[in-house]
Amino acid sequence: MSTLKRKRWSRRYGDWFRNVLIDAGIMDYRYPIKGCGVWMPYGFKIRKNVLQILRDLLDSTGHNETLFPLMIPETSLAKESAHVKSFEEECFWVTRGGLTPLKVKYALRPTSETVIAPMLKLWIRSHADLPIKLYQIVSIFRYETKATRPLIRTREVASFKEAHTTHATLEDAEAQVKEAVEVYKRFFDELGVPYTISRRPDWDKFAGAVYTLSFDMICPDGRTLQIGTVHNLGQNFSKAFDITYETEKGTQEHVWQTSYGISGRAIAALLSVHGDDHGVVLPPKIAPIQVVVIPIPYKKKDKQINRACEGVITTLKEADLRVELDPRTDLRPGSKFYYWELRGIPIRIEVGPKDVENNEATLVRRDTLEKQTCKINELVAAVQKLLKKITRDLRQRAWEWIEDRVYRVDSLEEAKQLLSKRAGIVEVLWCNRAECGRQLEEAVGARVLGVPVGTEEKVGGKCVVCGRKADHVVRAAIAY
């Protein structure tokens, strides 16, 4: 185990999260429509950096970014029965154009399978047109009736990345599901966000999917947060919309489809898993500013100190580092430290009179607040080395934290006790019967996340609910 420890929370997580979003200039959730928020300039830069990682991963794996309309005719949404039944209570509806009632009302997209399907029917003619791998980053809208929470449970799900792929065979679609999982693993690894991957139970899969895989993380309050999903849609939507292609043999076959999405919850996870009582802690790759330089004024040496700070700025910018000087004279150094710690800047460089005398600078890492000094002529190498170490340490601490909060237990009582304390995720033996899964949820007062993916193991034992032979391990947690 690492000796690096996460700082203890002195405030409730929910309060911390809401406050830090506004105080750090990330998102203001006081917009006069419930469940909607405004990305502030600093937060928008964080969002931009996060989404760029995702774009790069998708582009490098043959996906093409696109943009489909916001509104879906009710007639399209209704074509896939399981899909519309799932979303009929969550849709926002447009029923009037100006003063004229619409003959067909339009839904603001809750997701885009039924937006894309009619166009695929027009675009696809033969096997030569396949595969098609598209994605878009848009807002989706769901009439959330539960208590809304910034980034976590909203009515406008901003920054929603949804990918939609179309294939000639089931095998190709299955291969695409595996690729999607690998893309998401690399994405969350870049953010330093730890996760579990589970196959959702059939009663909790995406409406219209053959099966759903989900990425979940554990929040500081012990609840889990679903941060990504991957769906094998089979031919459910292609049959509903009659999307076919001509095979090499000249026959007509329905296409096979997948879809997978990540929302602003990924940013909520990033902020939550690394943050502490001082504010957010940003991985260097994500931080809009990687280094902030703060002069420490001292009597008649201010000119020398400021000149040294300007030299530091120039040197670091020439090394392609994102760096900013804080020249404000109306704030004491301590107030500046608080300001930048709240915003999660990975490294703070202090330059005071002794630093100038010794031709040095003082480096403070945000995640541990540890200090070190280095010579000015060695500064670039020292900063680059420290940024890499911060990245590694953030990831290591986060993974250790989640691994300490996944429990394998042998009884419903043990599971219930742990979950009542919001301890994290419990794993129990399960016979794979839906009735037992639902009884498990009721007995422990939690949600079944699903069967672990990627860590398959042979199971020997009995289902904790019915006592029959267990086929699987299943996860449960108190979930957002």
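Residues numbered from 1 in each chain as written. Predicted model: local features only at pLDDT ≥ 70, side-chain atom pairs only at ≥ 80, totals over all residues. Heavy atoms only, no water.

1. Remarks on the pattern of salt bridges
Summed over all chains, the structure comprises 29 salt bridges. For arginine 200, the salt bridge goes to aspartate 204, with nearest N and O atoms at 3.9 Å. Here glutamate 360 ties to lysine 375 by a salt bridge, and the two come within 3.5 Å at their closest N and O atoms. Within this pair, whereas glutamate 360 is found in strand S18 (residues 360-365), its partner lysine 375 is found in strand S19 (residues 371-375), the two being separated by 15 residues in sequence. According to the relative accessible area criterion, glutamate 360 is buried, its value standing at 18%. Look at the salt bridges and you will find they share partners, linking Arg365, Asp367, Glu370, Lys389, Asp393 and Arg397 into a network. (Salt bridge = Lys/Arg side-chain N within 4 Å of Asp/Glu carboxyl O. Helix = DSSP H or I, 4+ residues; strand = E, 2+ residues; numbered from the N terminus. Buried < 20%, exposed > 50% of the residue type's maximum accessible area, 1.4 Å probe, protein only.)

2. Concerning the packing of aromatic side chains
Ring pairs (aromatic) are described by centroid distance and by the angle formed between their planes. In this structure the tally under the stated criterion is 15 aromatic pairs. Considering the side-chain rings of tyrosine 13 and tryptophan 16, the 6.4 Å spacing of their centres and the 25° angle between planes classify their relative orientation as stacked. Here tyrosine 13 pairs with tryptophan 16, and both are found in helix H1 (residues 13-23), just three residues apart, close to one helical turn. Among the aromatic residues, those joined into a cluster by ring pairs are Tyr184, Phe187, Phe188, Tyr195, Phe215, Tyr260 and Trp399. Lying over the aromatic face of phenylalanine 337, arginine 348 brings its terminal NZ or CZ to 3.9 Å of the ring centre. (Phe/Tyr/Trp six-rings, centres within 6.5 Å; stacked < 30°, edge-to-face > 60°. Lys NZ or Arg CZ within 6 Å of the ring centre and 35° of its normal.)

3. Things to note about unusual backbone geometry
Here the residue pair leucine 130 and proline 131 is connected by a cis peptide bond, since its omega of 0° sits within 30 degrees of zero. Of note in this structure, asparagine 359 is not a glycine but carries a positive phi near 55°. As for its placement among the helices and strands, asparagine 359 is situated in the loop between helix H11 (353-357) and S18. Take asparagine 359: its relative accessible area is 46%, and that puts it in the partly exposed class. Phi is positive for leucine 369, which is not a glycine, with a value near 65°. Inspection of the secondary structure assignment puts leucine 369 in the loop between S18 and S19.

4. Re the layout of surface pockets
Size it by volume and the second largest pocket reaches roughly 850 Å³. Every residue lining the second largest pocket is counted, 38 residues in all, and those nearest its centre are Ile197, Val451, Pro452, Val453 and Gly454. Those elements giving two or more residues to the lining of the second largest pocket turn out to be helix H6 (170-191), strand S9 (196-199), strand S10 (211-218), helix H12 (379-403), strand S20 (406-408), strand S21 (425-430), strand S22 (447-452) and strand S23 (472-477). Ranked by the residues each element gives to the lining of the second largest pocket, the list is headed by H6, at five residues. For the lining of the second largest pocket, the per-class residue count stands at 18 nonpolar, six polar and 14 charged. (1 Å grid on protein atoms, 1.4 Å probe; cavity = no way out; pocket = protein on both sides within 12 Å on 5 of 7 lines; lining within 4 Å. Points joined across faces, edges and corners; volume = space filled by probe spheres on them. Nonpolar A, V, L, I, M, F, W, Y, C, P; charged D, E, K, R; others polar.)

5. Focus: the confidence of the model for the protein chain
When pLDDT is averaged along the protein chain, the result is 94, and 97% of the positions lie at 70 or above. Overall, residues 1-6 carries pLDDT values under 50, and its contacts beyond four positions in sequence, including any with other chains, amount to 16 contacts. (pLDDT = per-residue confidence, 0-100. Contact = heavy atoms within 4.5 Å.)

6. Concerning the side chain of threonine 114
As for its position among the elements, threonine 114 is in helix H5 (residues 113-123). Aside from chain neighbours lying at most four places away, what touches threonine 114 is Ile72, Ser76, Leu77, His83, Phe237 and Phe241.

7. Some points on the sheet that holds S19
Taken in spatial order, the five strands of this open sheet run S16-S15-S17-S18-S19, and their pairing is mixed. The strands lining the two open edges of the sheet, one partner per strand, are strand S16 (323-325) and S19. Averaged over neighbouring strand pairs, the angle between their axes works out to 25° when direction is ignored. Running over the sheet, helix H9 (residues 302-318) touches strand S15 (291-295), S16 and strand S17 (347-351) and is turned about 170° from S15. This element, H12, spans S15, S17, S18 and S19 of the sheet and lies at about 10° to S18. (Pairing = 2+ DSSP bridges. Axes fitted to C-alpha atoms, helices over the stretch in contact; angles between N-to-C directions.)

8. What about the sheet that holds strand S5 (residues 93-97)?
A sheet is described by the order of its strands in space; here three strands give the open sequence S4-S6-S5, paired in antiparallel fashion. The strands lining the two open edges of the sheet, one partner per strand, are strand S4 (71-73) and S5. With direction set aside, neighbouring strand axes in the sheet form an average angle of 45°. Note that S4 and strand S6 (residues 100-108) share three bridges and pair antiparallel. Paired with proline 73 across the strands is tyrosine 106, a residue of S6.

9. What about the nonpolar core?
If you look at the biggest cluster of nonpolar residues, it comprises 64 residues, and the most contacted ones within it are Phe17, Ile26, Phe187, Phe188, Leu191, Val193 and Ile227. Judged by nonpolar contacts, the second largest core, of 24 residues, contains Phe68, Phe87, Ala107 and Ile243. (Core = buried A, V, L, I, M, F, W, Y, C linked by side-chain atoms within 4.5 Å.)

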